[in-house]
Amino acid sequence: MTQAAPQPTTGLLSTLALQPARESVAVLETYGLTREYGPVVALAPLDLRVDAGECLALMGPNGSGKTTAAALICGLLEPSDGVAEVCGFSIHQEPAAVSARSHLAYVPDAPALYDDMTVSDHLHLVAAAHGVAGDDLEERCDQLLVALGLEERALFLPTQLSRGMRQKTAIACALIRPFSLLVLDEPVVGLDRRSVDVLKGIVREALGTGRAVLLMTHSDAFADEVATRTLHIEEGHVVER
Amino acid sequence: MSVEARDVLAARRELAPGKSVLEHAEAIYIAVLTVGILGSILLGVWHGLGPFLLDLIRPYRVIVGVPAVFLIGLAVLRFSTWQGFVSFSEADCAHLLTAPVPRAGLVWPRLRNAALLLGFVGAATGAVASLAAGIHMAHLGGVVQGAAAGLALGLLLVAAGWQVQRLPRVAVWVLRLTMPALVLAGVLVLGSRTEGVGRQAVLWSGPWGWALLPFNAGNRVSGLAGLGLLGTLAVGGWVSLSRTAGSCSLETFRARARTRARMVAGLYSLDSRAVVKARRESRSARWQVRLRLRVPRHTGLVVPWRGALNLLRSPVRLIWSAALGGGAILILAAAPGRPGSLLGGSVALYLAAGSLLEPLRLEADAPAVSRVLLPWSYGKVLWLHCLLPAVILIVVGSAALAGGWAAGLVEGSVVAGAFVLLIPVVAVMVLAAGLSARRGGGIPTSILTLSGGDPVGGGVVIILLWAVGWALLAIAAVAVGVYALGSSATASSGAVSAAVGLSTLALVLRRVLVASSR
């Protein structure tokens, strides 16, 4: 397991007002988090703890349960059993889930974007929805778009973008807003080498500024470079710590 | 190595033979039986009502005829911008059209069949129209002229549609010129109502008029001339079809195949929203209104801001919905005691609200997106989507009430009560439309199961109730509320009690909407 050296490199996150995790609680904690589809156990009881400044890589082959775990942790799926808490707030119980979501930025494996909004609209929407649409919003948008090579595509709709460009838009949406936990589900699929390097820098910067990162991937190379801890998962079960 | 298209098609037929002769015979038998039964019924009706109907139609045949033919032509051209007369399946696009086979050989049989079919339909329609126009069977020449005009028009429509299908730039121009063409249709209607020069100008203004010249009683020469012009164009169209059959791009066929497949899948799964989306996405790549709107700093305004962006980028929908909503409120206020006005106004207002809620439908299409991008619960996002349509309808409704009062359409005794009722009426309509829209277009399996298990045919009622239940509730509540305004001894007391009732209903609907989950 490779220990990453967390240090700010991109400057993309430095202007954002970070919402720090509450004292004495982990950024992410799950207890017995389970998901079953009838007799099929997609995720066996999962107990995790990720602290500030830590990048946990959840690794495994296709169909091992990584995306199910990410969707459960981010509140997209309801658990069959167990609890997931982000900065001490349950992601599945309203109204606590609102606070949990304000701490959580998620880049899903299939970019979640509105078909009728441009790349630039998405950044403005997310920033405003999280209360950070200040005077410097345009500058931050431009900074992110340039860093991710999206500046020429700012006025494009998602349907007019390639898979990689949509992935970059989803990443930009996650970064334009403050967060304590960044969940990246297969983030490098479809990305060019330059963008992968930028993403590595972003992860390192996030760790260096007290945030936590949960990474779902089957790319050993990417995980080796950024993760501080690795878990392997197969058939829904954690097989190695 | 090039392969003969005819051989490929023959091999394909051999591998996928299609229907047997017996199956074709069965289909023909059923068709003949159906046509025979329906024909007998129609003939009976015709004997009773024919002369009356002829008398009714005859004075309007040119008024209706030329604009009608023009609009049919426009509809065919619009259809060709996203589908057209020649289509292949996605599998054909992947395997057949990418094979080293001359494309013209694959396209021409379909193009020819479409032209012949539409020509036949046109000829039959022309012959029937000749009879309906009073050209007696004894004047066989007149009927033949009518049939010939229909045949030529059918061929011409296929030829024009094909050019739109194969040339993307032409398709874009068809879309751009649709509104001016609709205005022209209005001019044709007005021109048709005049006598003398105006009417002649309409009849000679283009193929849509030439096709009607043979029906122009008392002028055989102009009929033949129109037929000659139309025939010449049709022959030219046929030649262009045969010469350009191979010149449509694979990209065009693939896009249309994808759209068709998605629409058919939507129809089979009874998902109206999927059909609408497939149709809409077929043109989204060509049309995009580029507009930016300053993002609000207040987080509660973010979702309405997104809605405003969507509506401003679809100005036709915005204008149409606002006009419909304003008109509906005016109708309700102008005659609050009349059942026709209550029903028409309520239905129109519900439709306007539903149309303005398109951003909410987009949210329901991809419910996971708001979970990833926005900090609020799904139900709250849906509720926030209702704010902008409500504000729009309240503003246009206020303007309509004020304008109607100034113009004397709304009585002075009613106008104050109408203003009191405006907000609760709009709230109920928008929230009910939102509750209906949040479900998407697909009928849930539970409803299908429930309706399928009903042996006495009540299944259709169950599905209909599911589909329009919220609409019925809102329309009934608003109609009763507005009726109270019109029937109460003092309009203000009726308005206040109706406003209280509708406000309570709106609060309940809001609670249900906010409790929505994905």
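How each quantity is defined
Counting of residues starts from 1 at the beginning of each chain's written sequence and follows it residue by residue. Both sets of labels track the order of writing: A upward for chains, 1 upward for ligands. The predicted origin of the model limits local features to residues at a pLDDT of at least 70 and limits the giving and counting of side-chain atom pairs to 80 or more, whereas totals for whole chains, interfaces and linings rest on all residues. Heavy atoms from the whole structure form the basis of all side-chain values; hydrogens and water molecules are not counted. Secondary structure elements follow DSSP: runs of H or I no shorter than four residues count as helices, runs of E no shorter than two count as strands, and numbering proceeds from the N terminus. Throughout, exposure labels follow a simple rule: accessible area from a 1.4 Å probe, protein chains only, divided by the maximum for the residue type, with under 20% read as buried, over 50% as exposed, and the rest as partly exposed. Contacts were defined at the residue level, with two residues in contact if any of their heavy atoms lie within 4.5 Å. Note on areas: Shrake-Rupley with a 1.4 Å probe; residue coverage comes only from the protein chains shown. A residue counts toward a patch only above 30% relative accessible area and without a salt bridge, and it is joined to like-charged neighbours within 9 Å or, for Val, Leu, Ile, Met, Phe, Trp and Tyr, to nonpolar neighbours within 5 Å. The rule for a salt bridge is simple: a side-chain nitrogen of Lys or Arg has to be within 4 Å of a carboxyl oxygen of Asp or Glu. When DSSP finds two or more bridges between two strands, those strands count as paired. The handedness of a crossover follows from its direction of travel: if, with the strands pointing away from the viewer, the path from the first strand over the helix to the second runs clockwise, the crossover is right-handed. Every residue gets a pLDDT, meaning the predictor's confidence in that residue, from 0 to 100. Note that the domain bounds were set by an automatic or database domain assignment. In short, buried area is how much 1.4 Å probe accessible area vanishes from two parts on joining, totalled over both. Two N or O atoms form a polar contact when they lie within 3.5 Å of each other; inside protein one atom must be a possible hydrogen donor and the other a possible acceptor, and for residues adjacent in sequence the pair counts only when both atoms belong to side chains. Gly is put with the polar residues, along with every residue not named as nonpolar or charged; the nonpolar set is Ala, Val, Leu, Ile, Met, Phe, Trp, Tyr, Cys and Pro, and the charged set is Asp, Glu, Lys and Arg. As used here, the term nonpolar core means buried Ala, Val, Leu, Ile, Met, Phe, Trp, Tyr and Cys residues forming a set that is joined through side-chain atoms within 4.5 Å. Every axis corresponds to a line fitted to the C-alpha atoms, with the helix fit spanning only the stretch in contact, and the corresponding angles, defined between N-to-C directions, vary from 0 to 180 degrees. In this analysis, rings of Phe, Tyr and Trp, with Trp reduced to its six-membered ring, are considered paired at centre separations within 6.5 Å, and the interplanar angle assigns stacked below 30 degrees, edge-to-face beyond 60, and tilted for intermediate values.

A.B. asks: Pulling in residues and values, what's your account of the overall build of chain A?
C.D. replies: In terms of helices and strands, chain A carries seven helices and ten strands. Looking at chain A residue by residue over its 241 residues, the buried ones come to 59%. In chain A, the proportion of contacts linking residues at least 24 apart, taken out of those at least 6 apart, comes to 72%. For chain A, the exposed area adds up to about 9,100 Å²; of that, 50% sits on carbon and sulfur atoms.

A.B. asks: Give me the lowdown on a nonpolar patch on the surface, citing residues and values where you can.
C.D. replies: Residue and element names in this part refer to chain B. On the surface, Tyr29, Ile30, Leu33, Ile37, Leu38, Ile41, Val45, Leu49 and Phe52 cluster together into a nonpolar patch covering about 890 Å² of accessible area. You can see Val45 is positioned in helix H2 (residues 21–57). The exposure class assigned to Val45 is partly exposed, which follows from its relative accessible area of 39%.

A.B. asks: Hey, could you go over the pairing of strand S8 (residues 212–217) of chain A for me, with residue numbers and the actual values?
C.D. replies: The side chains of a regular strand alternate, first on one face of the sheet and then on the other. All names here are of chain A. The element S8 is largely enclosed, with a buried count of six among its six residues. Side chains Ala212, Leu214 and Met216 project from S8 onto one buried face, and the interleaved Val213, Leu215 and Thr217 project onto a second face that is buried too. Two elements, strand S3 (residues 55–59) and S8, share five bridges in a ladder whose sense is parallel. The residue of S8 that forms the bridge with Leu58 is Met216. Note on the crossover from strand S7 (residues 181–185) through helix H6 (residues 193–208) to S8: the handedness is right-handed.

A.B. asks: So what's going on with unusual backbone geometry? Which residues, and what values?
C.D. replies: Residues and elements named next belong to chain A. A positive phi angle, near 55 degrees, is found at Cys87, a position not held by glycine. Relative to the helices and strands, Cys87 resides in the loop between strand S4 (81–86) and strand S5 (89–90). Phi is positive for Glu186, which is not a glycine, with a value near 45 degrees. The residue Glu186 is located in the loop between S7 and H6 in this model.

A.B. asks: Account for the confidence of the model for chain B, naming residues and giving values.
C.D. replies: Averaged over every residue, the pLDDT of chain B is 85; the share at 70 or more is 91%. No element of chain B has a lower mean pLDDT than helix H1 (residues 5–15) of chain B, at 71, and none a higher one than helix H19 (residues 378–406) of chain B, at 95.

A.B. asks: For the domain arrangement of chain B, give the residues involved together with the corresponding values.
C.D. replies: When the domains of chain B are assigned, the result is domain 1 (5–248) and domain 2 (302–514). Inter-centroid distance (C-alpha atoms) of domain 1 of chain B to domain 2 of chain B is 41 Å.

A.B. asks: Before we move on, can you summarise the interface of chain A and chain B with the specific residues and values?
C.D. replies: Listed by partner, the interface residues are 36 residues for chain A and 27 residues for chain B. The junction of chain A with chain B conceals about 2,800 Å² of combined surface from both sides, 58% of it contributed by carbon and sulfur atoms. Interface area lost by chain A to chain B is led by Arg101, Tyr114 and Asp116 of chain A, which between them contribute 22%. Applying the counting criterion to the chain A and chain B interface returns four salt bridges. Here Asp116 of chain A and Arg306 of chain B are joined by a salt bridge, their closest N and O atoms 2.9 Å apart. At the boundary of chain A with chain B, the tally comes to ten residue pairs in polar contact (both at pLDDT 80 or more). When residues of the side of chain A that touches chain B are traced back to their parent elements, those giving at least two are helix H2 (96–103), helix H3 (119–129) and helix H4 (137–147) of chain A. Ranked by residues supplied to the side of chain A that touches chain B, first place goes to H3 of chain A with eight residues. Residue composition of the side of chain A that touches chain B, grouped by class: 19 nonpolar, nine polar and eight charged.

A.B. asks: I'd like to hear about the nonpolar core, residue by residue, with values.
C.D. replies: Leu181 and Val183 of chain A together with Leu374 of chain B are the most contacted members of the largest nonpolar core, which has 93 residues in total. With sequence-adjacent residues up to four places away left out, Leu181 of chain A is seen in contact with Val27, Leu28, Val86, His103, Leu104, Ala105, Ala212, Val213 and Leu214 of chain A. In this structure, Leu349, Ala433, Ala474 and Ala506 of chain B belong to the second largest nonpolar core, which totals 55 residues.

A.B. asks: Go over the sheet that holds S5 of chain A, please, and point to the residues and values.
C.D. replies: All names here are of chain A. Pairing within the open sheet is antiparallel, and its four strands lie in the order S2-S1-S4-S5. Strands with a single pairing partner mark the edges of an open sheet, and in this sheet they are strand S2 (40–50) and S5. Taken together, the two bridges between S4 and S5 define a ladder with antiparallel strand orientation. By the bridge assignment for S5, Glu85 is matched with Ser90. Helix H1 (residues 66–73) contacts strand S1 (28–37), S2 and S4 of the sheet and is inclined by roughly 120 degrees relative to S1.

A.B. asks: Please provide a residue-by-residue account of the confidence of the model for chain A, values included.
C.D. replies: Mean pLDDT for chain A: 85, with 89% of residues reaching 70 or above. This stretch, residues 1–8 of chain A, has a pLDDT under 50; its non-local contacts, to residues over four places away or in other chains, come to 18 contacts.

A.B. asks: Would you mind going over the packing of aromatic side chains in detail, with residue names and values included?
C.D. replies: Residues and elements named next belong to chain B. As enumerated under the stated definition, the model contains five aromatic pairs over all chains in all. Arranged with centres 5.7 Å apart and planes meeting at 85 degrees, the rings of Phe79 and Trp82 form a pair that is edge-to-face. Of this pair, Phe79 and Trp82 both sit in helix H3 (residues 61–82), three residues apart, roughly one helical turn. Assessed through its relative accessible area of 30%, Phe79 is described here as partly exposed. Judged by centre distance (5.5 Å) and plane angle (80 degrees), the rings of Trp108 and Trp238 are edge-to-face. On the criterion of sequence distance, the pair formed by Trp108 in helix H5 (residues 103–132) and Trp238 in helix H11 (residues 220–244) is long-range, its members being 130 residues apart. Taken together, Phe79, Trp82 and Phe85 form an aromatic cluster joined through their ring pairs.

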